[in-house]
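Below are the chains, spelled out letter by letter.
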Amino acid sequence: MGGELSGNPAAVISRPVEAGSNDPHGITFAEGSKYYDRVQGSGVGAVIVPLDAPEMDCPTIRVDAPRAAFGLLLHRAKQPLPHNPGVHATAIVEGATIAADASVGPYAVIAPGAVVESGATVHAFCYVGPRCVVGVGSVLYPHVVLVEDVILGRGCTLFPGVVLGADGFGYVWTGSEHAAIPQVGGVRLADHVDVGANTTIDRATAGDTTLGQGVKVDNLVQIAHNVKIGPYTVIASQVGLAGSAQIGAGVLMGGQAAVADHATVGDRVILAGRSGVMKAVQEPGEYFGLPATPIREAMRQMALMRKLPDLLARLEALEKKSQS
Amino acid sequence: MGGELSGNPAAVISRPVEAGSNDPHGITFAEGSKYYDRVQGSGVGAVIVPLDAPEMDCPTIRVDAPRAAFGLLLHRAKQPLPHNPGVHATAIVEGATIAADASVGPYAVIAPGAVVESGATVHAFCYVGPRCVVGVGSVLYPHVVLVEDVILGRGCTLFPGVVLGADGFGYVWTGSEHAAIPQVGGVRLADHVDVGANTTIDRATAGDTTLGQGVKVDNLVQIAHNVKIGPYTVIASQVGLAGSAQIGAGVLMGGQAAVADHATVGDRVILAGRSGVMKAVQEPGEYFGLPATPIREAMRQMALMRKLPDLLARLEALEKKSQS
Amino acid sequence: MGGELSGNPAAVISRPVEAGSNDPHGITFAEGSKYYDRVQGSGVGAVIVPLDAPEMDCPTIRVDAPRAAFGLLLHRAKQPLPHNPGVHATAIVEGATIAADASVGPYAVIAPGAVVESGATVHAFCYVGPRCVVGVGSVLYPHVVLVEDVILGRGCTLFPGVVLGADGFGYVWTGSEHAAIPQVGGVRLADHVDVGANTTIDRATAGDTTLGQGVKVDNLVQIAHNVKIGPYTVIASQVGLAGSAQIGAGVLMGGQAAVADHATVGDRVILAGRSGVMKAVQEPGEYFGLPATPIREAMRQMALMRKLPDLLARLEALEKKSQS
């Protein structure tokens, strides 16, 4: 790290830990008095601090940029699930195309015609269905399902329980029942897309549901058929995007936010958690509420909501006065 | 289709695509000038239009009902996951009853005493637990779990990651801990019920959690113990139905809507997305908000919310005037 | 049960059922006239009632505490998924430590170095990853995934589709893309924690995401990295807890509630369904709304929301009067 160590150089440190941890073999970082206070007396094994930090009561490494130094430690501590090139004896891959340096884990099933490209990893219990492609270097954690017509770009990561390519939710009422509209489209992820655990992304009715380059999606998100998401958009947990919603580039969506079917969200829009877009939000900036409203206006409305009892009292006082 | 073709009859068309697609081998449909504009110059391979549509710049099929004709194409393009009658060599079905023309895929596990009826398909990695029945012609996509006491009717479709029959969420505080109330009931789906990816439907404490004929449920929906859902009700993604909620027939629920425990929703009620029923909504019609309110009234409240700063200003003006 | 039977002693009763059931072989319970009415004429096989209940039209058992007596029946009727000590021939457990009296089901995969302790049950298709521990007597239903560094205490129950230990959702913008912050921490469940179907709990960036003793979590809940949950807290379905949220002891959260990142919830707080904590809620008591507000105040605001059209009319009347 190029930092300066003070304190016991023989202390045994085995893992990075969070601020406030009392792990005697952990190392954390602290910037600012609030965090120094959490470290002092905590019993943590060591701490990374800025050059001008006060004396700490544990071994201390002083560096220019503590957060970045801690990030380096995280990188060193990361142990990805193993990538073992080759196809496990229990995997079923008949009729599929598996690159020689790809890894297919135990009890994976790859359908005839599917493709697993170079350096990709398909972990245990994954199902890769007909006409699916796992792009170069992509990783499917255990228990991922690609149902049909799912094309992944390079370097995508799909966490456990992800389901891509199930049928979109489309029915037509025949007069006596809801008949399913056949869903024959696909799901297409560009390069470096991550999808969180138990998230679902449906295949398009026709054409593709698409996620642009570098899109990051958290756990338990629903992305319906024919949704289009621009590059570098980030979507937090439990967000719901209804059918044919159009999401721009560089958008940020907080947890439990939602976008109605066929609604549009412009580039660089920030939707605070629980916000809901009913038709369109186009201008860059932060929004909140249902319907999503520029955040200052939404916060002002929220504040006035809390003042409603006071407003009512004042109105009543005026009424009394005017009647006297 | 019985339509009339104009333009290059040798054009190679291989798949239906969505409006606005530029796929040179795709065919889409267009009704109305907004959609004609999206097709013109898009480069799409062909388009289905009404008889009175203008000239298009790609091969064109003129028919009476373009949407219906496109639906026919979708039906022709649909390639369901294969149904291979018989039990895959890797499936574990000891003690279960499997119809001769049913299909049980690789690495499926069917518990002793469970039943898979005629023409049903149980795909890879499905778990069908004790006292479960997969009805005639029903389809379990890969990675479906029927835990215990789950009875499916005919022609049901369960998408990947669905969990039916896990214990309902019921505890009693003993003074020192939450003790689980034993959940011994079941889940019962009538005929032609569809359940979307990663949706969960819990078994009843006693008796059954029931979904009526033709009910359609989207992805990531929670249906708690002892919920009753009437026939032909449609439930969009991320809806939550709490314990013992009673839902009528022909109800439509938008995404992220919720119904509180023991609350009731009458027949033909429409709940807009994100609505919440706290006690009861009985009369047919559309509702919105929390608590769910007839939609005109809810929209008027929402509009007035946005006018609160104006109302406050007007109130202050009156106060000033009355004090002078 | 120590109760007194009246009516046909030869009636065949095979299962507890819910109130209002018409199952001729079912037994239910009733306390109070509303429930007596639902039983009368229902056709149910038998009913448990208090000593002072009226005559019923089916076989009746009179006891001091009908609900508790019914609870006893539920306990007797419960048939847990079988625990078969030993490792199924199809399970892959090389390099893992499995207690002799633990049960590992078909097609389970336990990674090298993982531990399954005494009396624990790992059902079909479970994946137990590197550095994971399944504590004494804990049960993993089919299709549970422990990704990495997940430590379960004693007597925990994880329902199907649960994913513990996937990477937290943390990225840093490099100027050209969102780079994943390595997530190297773990998930730690104390004793007697239950986790509902398809719920996701992410590993910490560093340190641990922790759930205290006796915490109960329903289906489809999201618990992000570095969240801390105190003992005996109960979390209903579809709740979302964002990164580093701190939840106290004995908290109750209704369905679809949410807590923002780094926000805090004090001991014995009750959050009604759909509530959202944006920063902090500390005092014990019940809260509702977004932001979560003491429930009386929230209910008053909600009532005034509905009166907004009336308030506007009154304001306009005053304005008119003051102008005349």
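A brief look at the structure comes next. Everything quoted here is computed from the prediction, not taken from an experiment.

## Section: a nonpolar patch on the surface
Here is step 1: On the surface, Met278(B), Leu290(B) and Met299(C) cluster together to form a nonpolar patch covering roughly 210 Å² of accessible area.
Here is step 2: Within the secondary structure layout, Met278(B) lies in the loop between strand 35 (276–277) and strand 36 (280–281).

## Some points on the interface of chain B and chain A
Here is step 1: The interface of chain B with chain A comprises 53 residues on the first partner and 65 residues on the second.
Here is step 2: Here chain B and chain A share an interface that buries about 4,800 Å² over both sides, 65% of which is from carbon and sulfur atoms.
Here is step 3: Sorting the residues of chain B by area buried against chain A places Glu18(B), Arg274(B) and Arg306(B) first, and these three jointly supply 13% of that buried surface.
Here is step 4: Run the count over chain B and chain A and you get four salt bridges.
Here is step 5: When residues of the side of chain B that touches chain A are traced back to their parent elements, those giving at least two are helix 2 (66–77), strand 25 (216–217), strand 28 (234–235), helix 3 (295–306) and helix 4 (308–323) of chain B.
Here is step 6: Residue composition of the side of chain B that touches chain A, by class: 31 nonpolar, 13 polar and nine charged.

## Description of the packing of aromatic side chains
Here is step 1: In the structure shown here, the tally under the stated rule is 21 aromatic pairs over all chains.
Here is step 2: Pairing Tyr107(A) with Tyr107(B) gives two aromatic rings, centres 4.7 Å apart and planes at 75°, and the pair type is edge-to-face. With Tyr107(A) in the loop between strand 8 (103–104) and strand 9 (109–110) and Tyr107(B) in the loop between strand 8 (103–104) and strand 9 (109–110), the pair connects residues from two separate chains. Each member of the pair, Tyr107(A) as well as Tyr107(B), is classed as buried.
Here is step 3: Chaining the aromatic ring pairs together yields one cluster made of Tyr107(A), Phe125(A), Tyr107(B), Phe125(B), Tyr107(C) and Phe125(C).

## Some remarks on the sheet that holds strand 25 of chain B
Here is step 1: Pairing within the open sheet is mixed, and its 12 strands lie in the order 6-8-11-14-17-22-25-28-31-34-37-38 (chain B). The open sheet has two edge strands with one neighbour each: strand 6 (86–87) and strand 38 (293–294) of chain B.

## A few points about the pattern of salt bridges
Here is step 1: A complete count under the given rule lists 42 salt bridges over all chains for this structure.
Here is step 2: Between Asp310(B) and Arg314(B) there is a salt bridge, and its shortest N-O distance comes to 3.3 Å. Placement of both Asp310(B) and Arg314(B) in helix 4 is noted, with a separation of four residues, approximately one turn of the helix.
Here is step 3: Where Arg62(C) meets Glu55(C), a salt bridge forms, and the shortest distance between an N and an O atom there is 3.9 Å.
Here is step 4: Taking relative accessible area as the criterion, Arg62(C) reaches 12% and is therefore assigned buried.
Here is step 5: Judged by relative accessible area, which is 65%, Glu55(C) ranks as exposed.
Here is step 6: Salt bridges here are not isolated pairs; linked through shared partners, they connect Lys78(A), Arg131(C), Glu148(C), Asp149(C), Asp167(C) and Arg203(C).

## Describing the nonpolar core
Here is step 1: Membership of the largest hydrophobic core comes to 55 residues, with the highest contact counts inside it found for Ile110(A), Leu146(A), Leu152(A), Leu158(A), Leu189(A), Leu241(A) and Val259(A).
Here is step 2: Breaking this core down by element, the ones donating at least two residues are strand 16 (150–152), strand 21 (186–189) and strand 34 (269–271) of chain A.
Here is step 3: Sequence-distant contacts of Leu152(A), defined by excluding residues within four places in its chain, comprise Val133(A), Val134(A), Gly135(A), Ser138(A), Leu140(A), Leu146(A), Leu158(A), Leu164(A) and Leu189(A).
Here is step 4: With 54 residues, the next largest nonpolar core counts Val217(C), Val221(C), Ala257(C) and Val277(C) among its residues.

## Here's the deal with the relation of the copies chain B and chain A
Here is step 1: Structural alignment of chain B on chain A gives an RMSD of 0.1 Å, achieved by rotating through 120° and translating 0.0 Å along the axis. Here the copies are linked by what is in effect a three-fold axis.

## Points about the sheet that holds strand 4 (residues 46–50) of chain B
Residues and elements named next belong to chain B.
Here is step 1: Strands sit in the order 1-5-4-3-2 across an open sheet of five strands; the sheet is mixed. At either margin of the open sheet sits one strand with a lone partner, and together these are strand 1 (4–6) and strand 2 (15–16).
Here is step 2: Pairing of strand 1 with strand 5 (residues 60–63), which is carried by three bridges, proceeds in the antiparallel orientation. In the strand pairing of strand 5, Leu-5 is matched with Ile-61.

## A look at empty space enclosed by the protein
Here is step 1: Scanning all chains against the criterion turns up four cavities of 30 Å³ or more.
Here is step 2: Counted as a void, the largest cavity has a volume near 1,100 Å³.
Here is step 3: What lines the largest cavity is a set of 35 residues, and nearest its centre among them are Leu290(A), Leu290(B), Met305(B), Leu290(C) and Met305(C).
Here is step 4: Secondary-structure elements contributing two or more residues to the lining of the largest cavity are helix 3 (295–306) of chain A, helix 3 of chain B together with helix 3 (295–306) of chain C.
Here is step 5: Across the lining of the largest cavity, the residue classes break down as 18 nonpolar, 11 polar and six charged.
Here is step 6: In this structure, the second largest cavity spans a volume of roughly 180 Å³.

## What to know about helix 2 of chain B
Residue and element names in this part refer to chain B.
Here is step 1: An ideal rise of 1.5 Å per residue puts 16 Å on 12 residues; helix 2 measures up with 16 Å between its terminal C-alpha atoms.
Here is step 2: Buried within helix 2 we find Pro-66, Ala-69, Phe-70, Leu-73 and Leu-74. Down the axis of helix 2, the buried set is contained in an arc of 150°. They therefore lie on one face.
Here is step 3: Packing partners of the buried residues in helix 2 comprise strand 2, strand 3 (26–29), strand 4 and strand 5.

## Quick word on the interface of chain A and chain C
Here is step 1: Each partner contributes residues to the interface: chain A has 53 residues there, and chain C has 65 residues.
Here is step 2: Buried area between chain A and chain C, summed over both chains or domains, comes out near 4,800 Å², and the portion from carbon and sulfur atoms is 65%.
Here is step 3: In terms of surface lost to chain C, no three residues of chain A exceed Glu18(A), Arg274(A) and Arg306(A), which account for 13% of the buried area on that side.
Here is step 4: For the pair chain A and chain C, the number of links is four salt bridges.
Here is step 5: We note a salt bridge from Glu316(A) to Arg314(C), for which the minimum N-O separation is 3.9 Å.
Here is step 6: Taken together, chain A and chain C are joined by 25 residue pairs in polar contact (both at pLDDT 80 or more).
Here is step 7: Looking at the side of chain A that touches chain C, the elements that each hand over two or more residues are helix 2 (66–77), strand 25 (216–217), strand 28 (234–235), helix 3 and helix 4 (308–323) of chain A.
Here is step 8: For the side of chain A that touches chain C, the element with the highest residue contribution is helix 4 of chain A, accounting for nine residues.
Here is step 9: Grouping the amino acids of the side of chain A that touches chain C by side-chain chemistry returns 31 nonpolar, 13 polar and nine charged.

What counts, and at which threshold
- Residues numbered from 1 in each chain as written.
- Chains lettered and ligands numbered in written order.
- Predicted model: local features only at pLDDT ≥ 70, side-chain atom pairs only at ≥ 80, totals over all residues.
- Heavy atoms only, no water.
- Patch = residues over 30% accessible without salt bridge, like charges linked within 9 Å, V, L, I, M, F, W, Y side chains within 5 Å.
- Areas by Shrake-Rupley, 256 points an atom, 1.4 Å probe, with all protein chains shown as cover.
- Salt bridge = Lys/Arg side-chain N within 4 Å of Asp/Glu carboxyl O.
- Helix = DSSP H or I, 4+ residues; strand = E, 2+ residues; numbered from the N terminus.
- Contact = heavy atoms within 4.5 Å.
- Buried area = accessible area lost by both parts, 1.4 Å probe.
- Nonpolar A, V, L, I, M, F, W, Y, C, P; charged D, E, K, R; others polar.
- Phe/Tyr/Trp six-rings, centres within 6.5 Å; stacked < 30°, edge-to-face > 60°.
- Buried < 20%, exposed > 50% of the residue type's maximum accessible area, 1.4 Å probe, protein only.
- Pairing = 2+ DSSP bridges.
- Core = buried A, V, L, I, M, F, W, Y, C linked by side-chain atoms within 4.5 Å.
- Least-squares fit on C-alpha atoms with pLDDT ≥ 70 in both.
- 1 Å grid on protein atoms, 1.4 Å probe; cavity = no way out; pocket = protein on both sides within 12 Å on 5 of 7 lines; lining within 4 Å.
- Points joined across faces, edges and corners; volume = space filled by probe spheres on them.
- Expected span 1.5 Å × (residues − 1).
- Arc of directions from axis to C-beta.
- Polar contact = N/O pair within 3.5 Å; in protein donor to acceptor, adjacent residues only side chain to side chain.

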